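Examination of the molecular architecture
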Amino acid sequence: MERLIIASPVGKLGLIGENGFLTGITFDETRETTSEEAYLRRAAEELSEYFEGKRREFDIPYLLSSPPFYKKCLEALIKVPYGSLISYGELAALAGSPRAARAVGNAVHNNPLPILIPCHRVIAGDGSIGGFGGGLDKKRTLLRIEGIKKYE
């Protein structure tokens, strides 16, 4: 397993990878590590471009290791466009399980690749901001980067 820590507008992020694939992004990293792995450097570059507002989609090779239902939800979430929002219920329907909004919430909460798989774009059915594993301040920052100012 390789790891690269990068600075970002939402704090230090840990980029975790294996065999040329990104497998995790973690928030609030306290350690300092560098990696010479080209794919992690490319991931850092793409994330930097995203934070600067220059990138709306990622080309980072990744592996998603999640239970089948979670994987289905996260794959549906990837289809939510930059600058758009979706409710947990709408995401459940998009994933083929329209009555599973709470289970979708668990899948989103356990997203191993936040930002890349845009769980920050998921809001509550009543239009409120909902939750975010990295904290609501980080969610607000990510939404602001995408031009969504409603939750500032």
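The structure reproduced in this document is the subject of the present report. What you see is a predicted model, and the numbers here were worked out from it, not measured in a lab.

A look at the overall build of the protein chain
For the protein chain, the helix and strand inventory stands at 5 helices and 5 strands. The order of α-helices and β-strands along the protein chain, N terminus first, is β-β-β-α-α-β-α-α-β-α. Over its C-alpha trace the protein chain gives a radius of gyration of 15 Å, about what one expects of a compact globule, namely 15 Å for 152 residues. Each principal axis of the C-alpha atoms in the protein chain carries an extent, and together these give about 45 × 35 × 25 Å. Counting all 152 residues of the protein chain, 47% fall into the buried class. In the protein chain, of all internal contacts separated by at least 6 residues, the share reaching a separation of at least 24 is 54%. For the protein chain, the accessible surface area stands at approximately 7,800 Å², while carbon and sulfur atoms represent 49% of it. A gap of 7 Å separates the mean positions of the 20 positive and 19 negative side-chain charges of the protein chain.

Concerning the pairing of strand β1 (residues 2-6)
Sheet topology note: the β1/strand β2 (residues 13-18) ladder contains 5 bridges and is antiparallel. By the bridge assignment for β2, R3 is matched with I16. The hairpin formed by β1 and β2 contains 6 residues between the paired strands, and G11 there has a positive phi angle of roughly 100 degrees.

Some remarks on unusual backbone geometry
Non-glycine residue D28 carries a positive phi angle of around 60 degrees. Inspection of the secondary structure assignment puts D28 in the loop between β3 (21-27) and α1 (38-51). Phi at I115 is positive, roughly 80 degrees, even though this residue is not glycine. Within the secondary structure layout, I115 lies in the loop between α4 (101-109) and β5 (122-123). Relative accessible area serves as the criterion here: at 1%, I115 is assigned to the buried category.

Reading the values: rules and limits
- Residues numbered from 1 in each chain as written.
- Predicted model: local features only at pLDDT ≥ 70, side-chain atom pairs only at ≥ 80, totals over all residues.
- Heavy atoms only, no water.
- Helix = DSSP H or I, 4+ residues; strand = E, 2+ residues; numbered from the N terminus.
- Rg over C-alpha atoms; globule rule 2.2 N^0.38 Å.
- Buried < 20%, exposed > 50% of the residue type's maximum accessible area, 1.4 Å probe, protein only.
- Contact = heavy atoms within 4.5 Å.
- Areas by Shrake-Rupley, 256 points an atom, 1.4 Å probe, with all protein chains shown as cover.
- Lys, Arg positive; Asp, Glu negative; His and termini not counted.
- Charge placed at Lys NZ, Arg CZ, Asp CG, Glu CD.
- Pairing = 2+ DSSP bridges.

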